[in-house]
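# Topology and contacts: notes
This is what each chain is made of:
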Amino acid sequence: MNDTPKKPKRVFNKSKTKMPMREQAPMDRIMNFDEVPLGYNEIEAQQEALRCIDCKTKPCVAGCPVGIDIPAFLKLVGDKDFEGALKKIKEKNFLPAICGRVCPQEDQCEMVCTLNKPDKGREPGGVGRVERFLGDYAVEHNLDIMPDIAPATGKTVAVIGSGPAGLTAASDMIQKGHDVTVFEALHKPGGVLFYGIPQFRLPKEILLREVSGLEKMGVKFVMNYPIGKSESLDSIRERFDVVFIATGAGLPWFLGIPGENLNGVYSANEFLTRVNLMGGYKFPGGSDTPVKKIKRIAVIGAGNTAMDSARTAKRLQPEVVYLVYRRSRLEMPARIEEIHHAEQEGIDFNLLHSPIEIIDDGKGAVGAILCQEMELGEPDDSGRRRPVPIEGKVREFAVDTVVIAIGQGPNPLLTADCPELERNERKGTIVINDLMQTSFENVFAGGDIVTGGATVILAMGQGRVAADAMHRYLMTGDPHEQGDDQSAVCPNLT
Amino acid sequence: MGNKIVYVKELAPLTKLFEIEVPHIAERGKAGQFIILRVNDEGERIPLTIANRNPEKGTITLVFQEVGKTTEMLGQLDVGDEILDLAGPLGKATDIPEGKTVVCVGGGIGNAVVWPQVQALKAAGNRVIAILGARNKELLILEEEITALADLTIVTTDDGSYGRKGMVTHALVDLIDEGEKIDEVITIGPVVMMKFVCKTTEPFGIPTQASLNPLMVDGTGMCGACRVTVGGKTRFACVEGPEFNGHEVDFDELITRLAYYQPEERSSLEDYHRCRMEDAADNLPSSK
């Protein structure tokens, strides 16, 4: 007889590979806008968490731009303490349902995972998948896990832009006891998370749920209020003790080739905004913003935005979706998982093709896109092999729609209104010091408006660094001054 | 939400004037700038130029024509109703010269934009001539308001039911022929009208600003739906305009681009009409 029940011994899961995640079959999912990966259930999540060997060095924590204590939350999931695990994540990251979906874990926490030994056929711990499970668990069980909020400091913070950098900074600053107001130019919160990332990768309900969590913590949101237009930055600087600019990279680039203003040529931003933000895929009936019935479409580019555009187009059920990219597969900047999903869905990849002209159908709309065939030459400044034209080889794709997804620059709406704010003249990005402070003492900046265009999690990481710096600035007058608050240590800023 | 409608007036058939409480836009808006609004949660974002504003009352004035589903739904709203989303002021303000002779040429609903321009031009000490065009007398709007401000107002109607019979360009040519020394022309109205106003002034070398009305989605420079070709270069009308040097604008491209979604817009409006009729039928007293 044993009166005191013993804690069961931890049984690690020695599987070399990640617990597979169920997903919609490609032929089903291209008929709808529902999410593709279906997520783990409790058992799957627990089993995956039990693959973590709780190593001494914890490289994953350093690999995470927001410094989540990954082994700790995995351990709690292994014990089926899902609420505890959520609390652990939310110490560092208030948006797990989002990050679990859109972070490039394979380049961060999972890349440096001790388990990750591709040569031995061993995969890293599925950190992103378990994180996503927890975010969804909170939604399904209606758990409002509120982090501790420090006593009110009486200081006011304005956050300009409600994308990933802005939301992270807002979340951190409210927890530090400040009074936070977020200003958003559009009618919905989330920035690129709303207008850019498609419903099938990040359901809008998940995003809105995370945002309402911030509201419950006391963050105020002001929509339809583009700073630089509705109010000047100078006025905001006077009204608030500190300002964080996170206005993102919302300025689409075009190719500069003939025919680019024909009807049926969209920037990826416009195409995705029409479909995601405005719900154009529900036109007519569920949305008043039209998207044309597409028969044949070419998406130019090979980054994540290009994959999002191509996969979005596929769901509008055209005959064919071409992806056209001037370099080769090796140089494609998109996440491997996204490329894989696009291929599964039947996107027709045309690598080493460089668009040279968009041809008129005779009625002012797109009739075809003419491409120069390329081959790889010597490496260029970026270290990637430069594509060079193969003389005399061109190819015409008959299409009615072209989406240009070759990148974007910083949105100038705010900076144009405030010429005194120092910025990089060539790139249009805002210049900051090592702690994300701009040339105005009480104004900090982060995310794509500083980097020129990067990932969601990098923007979030910058939101975190800026929040720590702004907090020190508010409390001591100097963002470098640690004061008594030793917790405010910057995580790595890569 | 805010954006409460405090005054409604029907200016002409299917043409309404709203005064809306939006203090920050009333405070900062300038002639030539626009707002973007959305009527409901499935609604599209549409740009409307700010026709007038009253910073003391915290209101702005919008004038719109009920030509599509969104503007028809907007027209259903009344005093006390609130507009779901309203953002602005967007775009660049009109370049207002000082101490010059300026002719403002408006047509149709564009006359609503001539109104703040004449105000701003007069305030900067210009001599202002307004040429207001309309298809007929019934559709002419804001004549009284503009006449009260401008040094000279000329009205033209296509059918001769009021003012001079003919086009605004005829009146403009006559002004030039009469020896009026015109330093600048600002034009706003149907694209074809603006195209011919610019063609009229070009041989005389009169600088002409045209206020363009391309399709827009976000209105903040993010999507590029509003791109227009000016002087051979692609420009975003929402942030770099909406006013451009009219002699450099590719108006034919603008006309083509504006027509792209017309079939969808038409079917959307027809669906809306059908729904409204069905609703009305459902609400009829039973015939039994």
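The structure presented is a predicted model; accordingly, all values stated were derived computationally and were not measured. (Residues numbered from 1 in each chain as written. Chains lettered and ligands numbered in written order. Predicted model: local features only at pLDDT ≥ 70, side-chain atom pairs only at ≥ 80, totals over all residues. Heavy atoms only, no water.)

### Considerations on the overall build of chain A
- A tally of regular secondary structure across chain A gives 17 helices and 15 strands.
- In terms of overall dimensions, chain A is globule-like: its C-alpha atoms have a radius of gyration of 24 Å, near the 23 Å expected for 494 residues.
- In terms of overall dimensions, chain A has C-alpha extents of about 80 × 65 × 50 Å along its principal axes.
- Classification of the 494 residues of chain A by burial places 59% in the buried group.
- Taking as baseline every contact in chain A between residues at least 6 positions apart, the subset at least 24 positions apart corresponds to 68%.
- Carbon and sulfur atoms make up 52% of the accessible area of chain A, which amounts to about 20,200 Å² in all.
- Treating the 59 positive side-chain charges of chain A as one cloud and the 68 negative ones as another, the clouds have centres 5 Å apart. (Helix = DSSP H or I, 4+ residues; strand = E, 2+ residues; numbered from the N terminus. Rg over C-alpha atoms; globule rule 2.2 N^0.38 Å. Buried < 20%, exposed > 50% of the residue type's maximum accessible area, 1.4 Å probe, protein only. Contact = heavy atoms within 4.5 Å. Areas by Shrake-Rupley, 256 points an atom, 1.4 Å probe, with all protein chains shown as cover. Lys, Arg positive; Asp, Glu negative; His and termini not counted. Charge placed at Lys NZ, Arg CZ, Asp CG, Glu CD.)

### Description of the sheet that holds strand β2 (residues 179-183) of chain A
Residues and elements named next belong to chain A.
- Across the sheet, 5 strands lie side by side as β3-β2-β1-β4-β15; this open sheet has parallel pairing. The open sheet terminates on both sides in strands that have one partner only, identified here as β3 (220-222) and β15 (443-445). If you compare each strand with its neighbour and ignore which way they point, the axes differ by 20° on average.
- Relative to β2, strand β1 (residues 156-160) runs parallel, the two sharing 5 bridges. Note on β2: the bridge partner recorded for T156 is D179.
- Relative to the sheet, helix α17 (residues 456-476) contacts β1, β4 (242-245) and β15, its axis offset from that of β4 by approximately 165°. (Pairing = 2+ DSSP bridges. Axes fitted to C-alpha atoms, helices over the stretch in contact; angles between N-to-C directions.)

### A look at helix α5 (residues 82-90) of chain A
- Taken together, the buried positions of α5 of chain A are occupied by F82, G84, A85, L86, I89 and K90 of chain A.
- In the core, the buried residues of α5 of chain A are packed alongside α2 (42-49), α4 (70-78), α6 (96-102), α8 (127-140), α9 (164-175) and α11 (204-216) of chain A.

### What about the sheet that holds strand β12 (residues 208-211) of chain B?
Residues and elements named next belong to chain B.
- As summarised here, the arrangement of the 7 strands in space is β10-β9-β8-β7-β11-β12-β15, forming an open sheet in which the pairing is mixed. This sheet does not close on itself; its edge strands, each paired only once, are β10 (164-165) and β15 (243-245).
- In this structure, strand β8 (residues 127-134) lies alongside strand β9 (residues 152-157), joined through 6 bridges in parallel fashion. Across the sheet, A134 pairs through a bridge with T157, a residue of β9.
- Running at roughly 150° to β8, helix α5 (residues 168-177) makes contact with β7 (101-107), β8, β9, β10 and β11 (184-188) of the sheet.

### Overview of the packing of aromatic side chains
- What the rule picks out here adds up to 13 aromatic pairs over all chains.
- A centroid spacing of 5.0 Å and a plane angle of 80° characterise the contact between F18 of chain B and F64 of chain B, whose relative ring orientation is edge-to-face. Taken together, the residues span a long stretch of sequence, with F18 of chain B in strand β2 (residues 15-21) and F64 of chain B in strand β5 (residues 59-65) at a distance of 46 residues.
- A residue is classified by how much of its surface remains accessible, and F18 of chain B, at 0% relative accessible area, is buried.
- According to the relative accessible area criterion, F64 of chain B is buried, its value standing at 1%.
- The interplanar angle of 65° and the centroid separation of 5.0 Å between the aromatic rings of Y260 of chain B and Y261 of chain B together place this pair among those described as edge-to-face. The pair formed by Y260 of chain B and Y261 of chain B is uniform in burial state, with each residue classed as buried.
- Aromatic rings pair up to connect F33, F200 and Y281 of chain A into one cluster.
- Here K90 of chain A stacks its cationic end above the ring of F94 of chain A, 4.4 Å away from the centre of that ring.
- Positioned above the aromatic ring of F194 of chain A, the side-chain terminus of K204 of chain A is 5.3 Å from the ring centre. (Phe/Tyr/Trp six-rings, centres within 6.5 Å; stacked < 30°, edge-to-face > 60°. Lys NZ or Arg CZ within 6 Å of the ring centre and 35° of its normal.)

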